[in-house]
Amino acid sequence: MPLFKADLHIHTLLSPCGDLDMTPDEIVRLAKERGLSIIGITDHNTTKHGKLTREYGAQAGIFVLTGAEVTTKEEAHCLAFFASDEDLDNFENYLQENLPDILNDVDKFGYQVQIDREQNIIYEEPKFLPSALSQTIEQVAEKVHALNGLLIPAHIDRPRYSIPSQLGFIPFDLNTDAVEISHNTTREVYLSKNKYLKQKTFIQSSDAHYLHQIGSATCCFNIETLSFEEIRMALHQKDGRSVVI
């Protein structure tokens, strides 16, 4: 089976910490230039730039996973991805319903804007997107899987905003599809201190907020074709599919 290079943790300019140059078209252009076949669009607590990025990706031959980087009630970050527009829209509604009414301070955190294909600003999110939802990790996991999505705890090696940093460990009964590490470690080094995760599939991603970071940390999917279900199978190591870091 062929290997497809992937970076599943990329923010657009809709995230307040994302550079304003992180437009969907530029993300796809640079992903193509850097040899990526799969990217994940993961703005903080919103999915609003996923569909537009997917349109650009389809034109460039890049498969775009659409979803969000969710901040749970515990202030732990998780990546969530969805196969259909209906499920993506349902999750967007869930995020909006559970995001607290804390206004974004543009001067302190930056703009939170959504654009269209003509680069026009069509929406500015008033709520501070990185705020913690009113939903626990378990509730988020339940919602994601009720919508047939994928849930991946983000940057589990980091000392802030990861499930281990907030809880001390990843609960054994938490329904996850894989775990993500940052560029700061390797699977082998992380497992040497966290052997309880040895059966988990690991991915490695850039968490790009700036154009130069896209593709700076990657993994490869050993799958038959570029599709959501093939990616799911690889994360669960089914029928010869796998993920290579």
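My aim in this report is to walk through the structure given alongside it, one point at a time. What you are looking at is a predicted structure, and each value in this text was computed from that prediction instead of being measured. (Residues numbered from 1 in each chain as written. Predicted model: local features only at pLDDT ≥ 70, side-chain atom pairs only at ≥ 80, totals over all residues. Heavy atoms only, no water.)

**Observations concerning helix α5 (residues 137–146)**
For α5, the set of buried residues is I137, V140, A141 and V144. The buried side chains of α5 occupy one side of the element, clustering within an arc of 100° when seen end-on. Exposed and facing more than 90 degrees away from the buried side of α5 are E142 and A146. Looking at the buried residues of α5, the elements they touch are β3 (63–71), β4 (77–82), α3 (85–98), β7 (150–153) and α6 (163–167). N148 sits one or two residues past α5 and shows a positive phi near 60°. (Buried < 20%, exposed > 50% of the residue type's maximum accessible area, 1.4 Å probe, protein only. Helix = DSSP H or I, 4+ residues; strand = E, 2+ residues; numbered from the N terminus. Arc of directions from axis to C-beta. Contact = heavy atoms within 4.5 Å.)

**Quick word on the packing of aromatic side chains**
Going through the model one piece at a time under the given rule, you end up with six aromatic pairs. For the ring pair F109 and F128, a centre distance of 4.3 Å and an interplane angle of 35° mean the geometry is tilted. Here F109 is found in helix α4 (residues 106–109), whereas its partner F128 is found in the loop between β6 (121–124) and α5, with 19 residues between them in sequence. Owing to a relative accessible area of 35%, F109 belongs among the partly exposed residues under this scheme. Here a set of aromatic residues connected by ring pairs shows up, and it is made of F82, F91 and Y94. In this structure, K48 is placed above the aromatic ring of Y123, and the distance from its NZ or CZ to the ring centre is 5.0 Å. (Phe/Tyr/Trp six-rings, centres within 6.5 Å; stacked < 30°, edge-to-face > 60°. Lys NZ or Arg CZ within 6 Å of the ring centre and 35° of its normal.)

**Here's the deal with the side chain of T71**
Along the polypeptide, T71 turns up in strand β3. Here T71 falls in the buried class, since its relative accessible area comes to 2%. In this view, T71 contacts N45, A76, H77, P130, S131, A132 and L133; residues no more than four positions away in its chain are not counted.

**Topic: the environment of V140**
Structurally, V140 can be placed in helix α5. It is 7.2 Å that separates the C-alpha atoms of V140 and T72, two residues lying 68 residues apart in sequence.

**Things to note about the nonpolar core**
Soluble, globular proteins show a tendency: their nonpolar side chains are buried together. Within the largest apolar cluster, 30 residues are counted, with the highest numbers of intra-cluster contacts made by F91, I156 and F202. Elements with a contribution of two residues or more to this core: β3, β4, α3, α5, β8 (179–181) and α7 (187–193). In contact with I156, other than residues within four places in its own chain, are S162, P164, I170, V179, E180, I181, Y190, L197 and F202. (Core = buried A, V, L, I, M, F, W, Y, C linked by side-chain atoms within 4.5 Å.)

**Focus: the sheet that holds β7**
Within the open sheet, the seven strands sit side by side as β7-β4-β3-β2-β1-β10-β11. Their pairing is mixed. Of all the strands in the sheet, the pair left with one neighbour each is β7 and β11 (242–244). Recorded for the sheet is a direction-independent mean angle of 30° between the axes of neighbouring strands. Across three bridges, the pairing between strand β1 (residues 3–10) and strand β2 (residues 38–41) is parallel. Bridge pairing in β2 links A6 to I38. Where α5 meets the sheet, it contacts β3, β4 and β7, and its direction lies at approximately 150° from that of β7. (Pairing = 2+ DSSP bridges. Axes fitted to C-alpha atoms, helices over the stretch in contact; angles between N-to-C directions.)

**Focus on the state of the cysteines**
Note on terminology: a disulfide is the covalent bond linking the sulfur atoms of two cysteines. The tally for this structure, following the rule as stated, stands at zero disulfides. The closest cysteine sulfur to the non-disulfide-bonded C17 is located on C78, 16 Å from its own sulfur. Accessibility expressed as a relative area gives 33% for C17, which makes it partly exposed. (Disulfide = S-S within 2.5 Å.)

**Let's talk about unusual backbone geometry**
For Q119, which is not a glycine, the phi torsion comes out positive at approximately 70°. Relative to the helices and strands, Q119 is located in the loop between β5 (113–115) and β6. Residue classification places Q119 among the partly exposed positions, given a relative accessible area of 37%. The phi angle at D207 is positive, at roughly 55°, despite the residue not being glycine. In this fold, D207 is placed in the loop between β9 (202–204) and β10 (219–222). Take D207: its relative accessible area is 10%, and that puts it in the buried class.

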